[in-house]
Amino acid sequence: MPIYNAPLKDMDFILNDVFKADEFWQANENLAHLDMATANAILEEMAKFSKNVILDLNRTADEAGGAQFSNGAVTTPAGFKEAFKQFAEGGWVGLGASEEWGGQGMPKMLTVLADEMIWSANPSFMLYPLLTVGAGMALNDRASQAQKETYLPKMYSGEWSGTMCLTEPHSGTDLGIIKTKAEPNADGSFNVTGTKIFITSGEHDLCENIIHLVLAKTPNAPAGSRGISLFIVPKFLVNADGSLGERNAVAAGSIEHKMGIKGSATCVMNFDGAQGYMVGNENEGLAAMFVMMNYERLSMGIQGIGAAEYAYQNAAQYATDRLQGRAATGAKTPAKPADSILVHGDVRRMLLNIRANNEASRAFAVYVGQQLDITKFSTDEEAVRKANDRVALLTPIAKAYLTDKALDSTLEAQMCFGGHGYIREWGMEQCIRDLRIAQIYEGTNGVQAIDLIGRKTTKCNGAFIAEYIAEIREFAAGLEDALAIKAAVLTVCGELEALTQFVVEQSKADPDFSNSVAVDYLHAVGLLSFTYMHARISKAAQPKPEAFFQNKLVLAQYFAAKVLPDLAARTQRIKAGAVLVMQLPEEYFTAQA
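**Quick look at the side chain of Glu-203**
Point 1. Looking at where Glu-203 falls in the secondary structure, it is placed in the loop between strand S5 (190-200) and strand S6 (209-216).
Point 2. Judged by relative accessible area, which is 5%, Glu-203 ranks as buried.
Point 3. Polar side-chain contacts of Glu-203 include one of 2.8 Å to the side chain of Lys-235.
Point 4. When neighbours within four sequence positions are excluded, Glu-203 is seen to be in contact with Gly-72, Ala-73, Val-74, Ile-210, Lys-235, Arg-247, Ala-252, Ala-265 and Cys-267.

**Digging into the layout of surface pockets**
Point 1. The volume enclosed by the largest pocket comes to roughly 1,200 Å³.
Point 2. What lines the largest pocket is a set of 47 residues, among which Lys-108, Met-137, Tyr-295, Leu-372 and Lys-376 lie closest to the centre.
Point 3. Put simply, the parts of the chain that give the lining of the largest pocket at least two residues each are helix H5 (108-121), helix H6 (123-142), helix H8 (285-321), helix H9 (345-377) and helix H10 (381-416).
Point 4. Of all the elements, H6 adds the most residues to the lining of the largest pocket, at eight residues.
Point 5. Residues belonging to the lining of the largest pocket are distributed by class as follows: 28 nonpolar, eleven polar and eight charged.
Point 6. Size it by volume and the second largest pocket reaches roughly 880 Å³.
Point 7. Lining of the second largest pocket is provided by 32 residues; of these, Thr-167, Met-293, Tyr-441, Glu-442 and Gly-443 occupy positions nearest its centre.
Point 8. At the level of elements, S5, H8 and helix H12 (445-458) are the ones that each hand at least two residues to the lining of the second largest pocket.

**Notes on the packing of helix H1 (residues 8-18) against helix H16 (residues 547-563)**
Point 1. Contact geometry for H1 and H16: axes closest at 12 Å, N-to-C directions at 70 degrees. Taken as axis vectors, H1 and H16 run roughly perpendicular relative to one another. For the pair H1 and H16, the contacting residues are Lys-9, Asp-10 and Phe-13 in the first and Phe-548, Phe-549 and Lys-552 in the second.
Point 2. For the contact of H1 with H16, the class distribution of residues is three nonpolar, no polar and three charged.

**A short note on empty space enclosed by the protein**
Point 1. On inspection of all chains with the given rule, the structure shows four cavities of 30 Å³ or more.
Point 2. In this structure, the largest cavity spans a volume of roughly 100 Å³.
Point 3. Along its surface, the largest cavity is lined by Asn-58, Trp-119, Ser-120, Pro-123, Gln-303, Ala-307, Tyr-310, Gly-427, Gln-430, Cys-431, Asp-434 and Leu-435.
Point 4. Breaking the lining of the largest cavity down by element, the ones donating at least two residues are H5, H8 and helix H11 (428-436).
Point 5. Among the elements that make up the lining of the largest cavity, the one with the highest residue count is H11 (four residues).
Point 6. For the lining of the largest cavity, the residue count by class is six nonpolar, five polar and one charged.
Point 7. Of the volumes computed, that of the second largest cavity is approximately 70 Å³.
Point 8. Met-1, Pro-2, Leu-55, Asp-56, Asn-58, Arg-59, Tyr-310, Gly-427 and Gln-430 together form the lining of the second largest cavity.

**A few points about the side chain of Asp-115**
Point 1. Inspection of the secondary structure puts Asp-115 in helix H5.
Point 2. With residues near it in sequence (within four places) discarded, Asp-115 still touches Lys-108, Met-126, Tyr-295 and Ile-302.

**Some points on helix H7 (residues 145-156)**
Point 1. In this model, H7 (twelve residues) spans 16 Å end to end at C-alpha, consistent with the 16 Å of a helix rising 1.5 Å per residue.
Point 2. All of the buried residues in H7 are Gln-147, Lys-148, Tyr-151, Leu-152, Met-155 and Tyr-156. Down the axis of H7, the sector holding all buried residues measures 115 degrees, keeping them to one side.
Point 3. Turning to H7, the residues buried within the fold contact H6, strand S3 (160-165), S6, strand S7 (229-234), strand S8 (236-238) and strand S11 (266-279).
Point 4. Phi turns positive one or two residues past the end of H7, at Gly-158, with a value near 85 degrees.

**Considering the pairing of strand S4 (residues 181-184)**
Point 1. Across four bridges, S4 lies against S5 in antiparallel orientation. By the bridge assignment, Ala-182 is partnered in S5 with Val-192.
Point 2. Between S4 and S5, which follow one another and run antiparallel, lie five residues, and Gly-188 among them has a positive phi close to 95 degrees.

**Overview of the packing of aromatic side chains**
Point 1. In the structure shown here, the tally under the stated rule is 24 aromatic pairs.
Point 2. Here the aromatic rings of Tyr-367 and Tyr-532 are separated by 5.9 Å at their centres, their planes lie at 75 degrees, and the arrangement is edge-to-face. Placement of the pair is Tyr-367 in helix H9 and Tyr-532 in helix H15 (residues 513-541), with a sequence separation of 165 residues.
Point 3. On the accessibility criterion, Tyr-367 (1% relative accessible area) is buried.
Point 4. Through successive ring pairs, a cluster of aromatic residues spans Phe-49, Phe-80, Phe-84, Phe-87, Phe-125 and Tyr-128.
Point 5. Just above the ring of Phe-548 sits the side chain of Lys-9; from NZ or CZ to the centre is 4.4 Å.
Point 6. For the cation-ring pair, Arg-247 lies above Phe-236, with the distance from its terminal atom to the ring centre recorded as 5.6 Å.

**Regarding the nonpolar core**
Point 1. Grouped together as the largest cluster of nonpolar side chains are 193 residues, with contacts concentrated most on Leu-15, Trp-25, Phe-364, Tyr-468 and Tyr-521.
Point 2. Trp-25 has contacts with Leu-15, Leu-31, Ala-32, Leu-34, Asp-35, Met-36, Ala-39, Pro-107 and Met-109, leaving out every residue within four places of it along the chain.

**Structural notes on the pairing of S5**
Regular strands place their side chains on alternate faces of the sheet.
Point 1. Relative to S11, S5 runs antiparallel, the two sharing nine bridges. Bridged to Val-192 within S11 is Ala-274.

**Considering the environment of Ala-138**
Point 1. Considering the arrangement of structural elements, one finds Ala-138 in helix H6.
Point 2. Sequence separation between Ala-138 and Cys-267 is 129 residues, and the spatial gap between their C-alpha atoms is 21 Å.
Point 3. Ignoring any residue separated from it by four or fewer positions in sequence, one finds Ala-138 in contact with Ala-143, Leu-213, Ala-288, Val-291 and Met-292.

**Digging into the packing of H5 against H6**
Point 1. Close contact between H5 and H6 brings their axes to 6 Å; oriented N to C, the two are set at 135 degrees. Considering the angle they form, H5 stands oblique to H6. Judged by residue contacts, Asp-115, Ile-118, Trp-119 and Ala-121 of H5 engage Pro-123, Phe-125, Met-126, Leu-127 and Leu-130 from H6.
Point 2. Partitioning the contact of H5 with H6 into residue classes produces eight nonpolar, no polar and one charged.

**Digging into H8**
Point 1. End to end, H8 covers 54 Å across 37 residues, agreeing with the expected 54 Å (1.5 Å per residue, within 8%).
Point 2. Its maximal kink placed at Val-291, H8 deviates by approximately 30 degrees.
Point 3. The element H8 is largely enclosed, with a buried count of 30 among its 37 residues.

Basis of the calculations
Throughout this document, residue positions are counted from 1 along each chain, in the order its sequence is written. It should be noted that, the model being predicted, local features are given only for residues of pLDDT at least 70 and side-chain atom pairs only at 80 or more, the latter also being counted only at that level, while totals for whole chains, interfaces and linings use all residues. Heavy atoms from the whole structure form the basis of all side-chain values; hydrogens and water molecules are not counted. Put simply, DSSP H or I for four residues or longer makes a helix, DSSP E for two residues or longer makes a strand, and each gets a number counted from the N terminus. Think of it in three bands: residues with accessible area under 20% of the maximum for their type are buried, residues over 50% are exposed, and the middle band is partly exposed, with areas taken using a 1.4 Å probe on protein chains only. The definition of a polar contact used here is a pair of N or O atoms within 3.5 Å, where within protein one atom must be able to donate a hydrogen and the other to accept one, and adjacent residues in sequence count solely through side-chain atom pairs. Residues count as neighbours in contact if any of their non-hydrogen atoms are within 4.5 Å of one another. For each structure, a 1 Å grid was placed over the protein atoms alone; sets of points admitting a 1.4 Å probe that cannot get out are labelled cavities, open sets with protein on both sides within 12 Å along at least five of seven lines are labelled pockets, and lining residues have an atom within 4 Å of a point. Grid points are joined across faces, edges and corners, and a volume is the space filled by probe spheres set on the points. Here the term charged refers only to Asp, Glu, Lys and Arg, the term nonpolar to Ala, Val, Leu, Ile, Met, Phe, Trp, Tyr, Cys and Pro, and the term polar to all other amino acids, Gly among them. Fitted lines through C-alpha atoms give the axes, limited to the stretch in contact for helices. The angle between two N-to-C directions lies from 0 to 180 degrees. Here the angle decides the label: under 35 degrees means roughly parallel, over 145 means roughly antiparallel, 65 to 115 means roughly perpendicular, and every other value means oblique. Here the expected length of a helix is defined as 1.5 Å per residue gap, with one fewer gap than residues. What the arc describes is the spread of directions from the helix axis to the C-beta atoms. One requirement defines pairing of two strands: DSSP has to find at least two bridges between them. Only Phe, Tyr and Trp rings are paired, with Trp represented by its six-membered ring, and only when their centres lie within 6.5 Å; those with planes under 30 degrees apart are stacked, over 60 edge-to-face, the remainder tilted. In this scheme, Lys NZ or Arg CZ marks a charge over a ring once it lies within 6 Å of the ring centre and within 35 degrees of the ring normal. Residues enter a nonpolar core if they are buried and are Ala, Val, Leu, Ile, Met, Phe, Trp, Tyr or Cys, with the set joined through side-chain atoms within 4.5 Å. The bend at a residue is defined as the angle formed between two axes, one fitted to the seven residues ending at that residue and one fitted to the seven starting there.

Take a look at the structure:
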């Protein structure tokens, strides 16, 4: 039976020692209500919920075929409804939401860790509250006061849930060509008509109302993305006193039969003149929705961390228990018929790869969370500017690099099991199936890479990455020379600086260059970021004599020696340019000979 125990000690270390969270919170009057004792209590409670309530539901939901659809209604897997009620009553939906609307006002650098535990234990379950939180963020940022008062308290209490309805059968990444229409009514409402696909939690039985945020075009809207508006379209209309009224003309037409996350209902949603209410200004819907999208993209990275942590724990436990062969240096457990497979260097290589990436990923998620907290809570305009630039630069890394490395990690964890990793009962094959979507939804990882190299790098002539490298250099300069990771950090900074200059120059000279090398560049920046995280971890761990901390110094050395060399290969592929990628004619790709 698969296991999971929340890595609370590492989470405390990352928050308290690496990022000095208590000092950061106490220095900001908007966060001074929080201290480490409270933070740890929150994480401990989430650890219990994840392990004791939703972990087993993950396996049973998958085995039973996941969410079920019949006559327009969706039934969630057995146990989900009770678990969601417990989750909502515990205040978890609104953990990071404004206290004004019934939330707890917790900072992002804390909520990323709470979210990681849910992603580890049950990713399908996590998707139900996740979309509600994102929709709430978009409403809090752009909706009118009356709209906020009507919807946000019920959403954060878990009585109602939320969705985002963007994609259409013909329109995925290119939202400018959506066909969903919104016709104005005399009372200020709109009739919304169209079909949306891939709608997470579009229909379910967990709560009494679902608040859809829908992208649509009004009559005579400008062409392209400039003509998109955002609308609230509730499943049940809401009366003036806040009670539920009649059923709106929106319904699920079907649910998708997916590779993984089967417990999550992914719906085709039909809007047949459904009553909707515009959010914010006309033709500014895409900007409003991106408030939500950026949140979801970081969440996908956290999904990756959760899956990779779950996979590591199970693989490490299996490797400890599995007896097979003898150590090359002689029997380690002569009283047993064989040694554990942990004596074999290849098994250790895989586990160390996973752990080196997991610990850097967790630190990186908290780092990005801290930048988001600065943008939200700080009153220092320059600090907010820098943090906004950093979030813009690193959101594609948080989404794409973390999920790419997580899939690598789950595959290596599966390999530790040998043939048992391919068998359902051990949980590894489900873990891989559930995680695969994280590289695809909320903008594929290729699209994230194009965003990074285009809008976030070449468009600003590398200004964002230059400021990031300057921060990393300054940090590395303060490290003791005895820390082996110091030299690696400084070397990578120089290599990324030169590589970025090359990318900017080549992108101007060759229109095809950026798209052709984007993924390699994203991985290069990801490697820079992980080296930085291992440096921060090493600095915090160095003065602590306990094995838990000293082992982190060894892991950082392993990362620098065994993982970081991938940067050289990425650099070589980038410098090879776009010619070999683009020179073959389109017919080549469909030709049979």
